[in-house]
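Chains, contacts and geometry: an overview
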Amino acid sequence: TRLQGDWSSDVCSSDLMRHRVVTYSSEATFHALADPTRRALLDLLRQGSQPAGQIASAFPVSRPAISKHLRLLRRAHLVQEHRQGRHRVYQLNPESLKIVDSWLEPYRVFWRANLTSLKKFVETEYARESQSGLQSSRAHEADSGRKRKE
């Protein structure tokens, strides 16, 4: 199993995967983020560092369950742990979320381009319908005016 590797030298049928660098840290990051409780833990830690006991009291599950979630987040480098006296204090490590941001960027580009195209299409159709409606309205008014004169 490879910790880090450049797939460009491997024989791979997918062009998409051929140029990707795969690391355990990115796998661990996505695995950690897949769980709603762990995402909630990260949301909680966005507010600042907190001791494990305080974190655990914010959730309806057992302390050992929260400890396991925190351990997995720590292994994925999404949180950092340090000791303050007898307490383990956890804080968010936003640096490791850059992996997710990098992975999402091509999708942002894709959606920006597609939403821009959709906007242009809708605006063009709206202008066409507005123009068509205006011409229809004028024709109706002209037709009504002729009928009144007769």
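For clarity, every value in this text was computed on a predicted model and none was experimentally measured.

Focus on the pattern of salt bridges
- Enumeration over the complete set of coordinates arrives at nine salt bridges.
- Of the charged contacts, one joins Glu 81 and Arg 74 as a salt bridge, the two residues approaching to 3.4 Å between their closest N and O atoms.
- Given a relative accessible area of 27%, Glu 81 falls into the partly exposed group.
- Of the charged contacts in the structure, one is a salt bridge between Glu 123 and Lys 119, with a shortest N-O distance of 3.7 Å. Residue Glu 123 and its partner Lys 119 are located together in helix 6 (residues 98–149), separated by four residues, close to a single helical turn.
- Take Glu 123: its relative accessible area is 44%, and that puts it in the partly exposed class.

What about the pairing of strand 4 (residues 79–84)?
- Pairing geometry for strand 4 and strand 5 (residues 87–92), over six bridges, is antiparallel. Residue pairing in the sheet places His 82 in a bridge with Val 89 of strand 5.

Observations regarding a nonpolar patch on the surface
- A surface patch of nonpolar side chains, about 930 Å² in accessible area, is lined by Trp 103, Leu 104, Tyr 107, Phe 110, Trp 111, Leu 115, Leu 118, Phe 121 and Val 122.
- Relative to the assigned elements, Leu 115 resides in helix 6.

Here's the deal with the pairing of strand 5
- In terms of strand pairing, strand 3 (residues 50–51) meets strand 5 through two bridges, oriented antiparallel. In the sheet register, Pro 51 faces strand 5, and the bridge partner there is Val 89.
- The antiparallel pairing of strand 4 with strand 5 creates a hairpin that spans two residues between the two strands, and Gly 85 there sits at a positive phi of about 65 degrees.

Concerning the side chain of Arg 38
- Inspection of the secondary structure puts Arg 38 in helix 3 (residues 36–45).
- The side chain of Arg 38 sits in the buried core without any salt bridge; Asp 35 is the nearest counter-charge, 4.3 Å away.
- Those residues in contact with Arg 38, other than ones at most four positions away along the chain, are His 31, Ala 32, His 69, Leu 72 and Leu 73.

Brief notes about the packing of aromatic side chains
- A full pass over the atoms with the stated rule returns three aromatic pairs.
- Considering the side-chain rings of Phe 110 and Trp 111, the 5.1 Å spacing of their centres and the 80 degrees angle between planes classify their relative orientation as edge-to-face.
- Given the relative accessible area of 44%, Phe 110 is considered partly exposed.
- Every member of this aromatic cluster is reached through a ring pair, and the members are Phe 30, Trp 103 and Tyr 107.

Details of the packing of helix 3 against helix 5 (residues 63–75)
- Following both chains from N to C, one finds helix 3 and helix 5 inclined at 75 degrees, their axes separated by 10 Å at the closest point. As far as their axial angle goes, helix 5 and helix 3 are roughly perpendicular. Where helix 3 abuts helix 5, its residues Thr 37, Arg 38, Leu 41 and Leu 42 lie against Ile 66, His 69, Leu 70, Leu 72 and Leu 73.

Conventions we followed
Residues numbered from 1 in each chain as written. Predicted model: local features only at pLDDT ≥ 70, side-chain atom pairs only at ≥ 80, totals over all residues. Heavy atoms only, no water. Salt bridge = Lys/Arg side-chain N within 4 Å of Asp/Glu carboxyl O. Buried < 20%, exposed > 50% of the residue type's maximum accessible area, 1.4 Å probe, protein only. Helix = DSSP H or I, 4+ residues; strand = E, 2+ residues; numbered from the N terminus. Pairing = 2+ DSSP bridges. Patch = residues over 30% accessible without salt bridge, like charges linked within 9 Å, V, L, I, M, F, W, Y side chains within 5 Å. Areas by Shrake-Rupley, 256 points an atom, 1.4 Å probe, with all protein chains shown as cover. Lys, Arg positive; Asp, Glu negative; His and termini not counted. Contact = heavy atoms within 4.5 Å. Phe/Tyr/Trp six-rings, centres within 6.5 Å; stacked < 30°, edge-to-face > 60°. Axes fitted to C-alpha atoms, helices over the stretch in contact; angles between N-to-C directions. Parallel < 35°, antiparallel > 145°, perpendicular 65-115°, else oblique.

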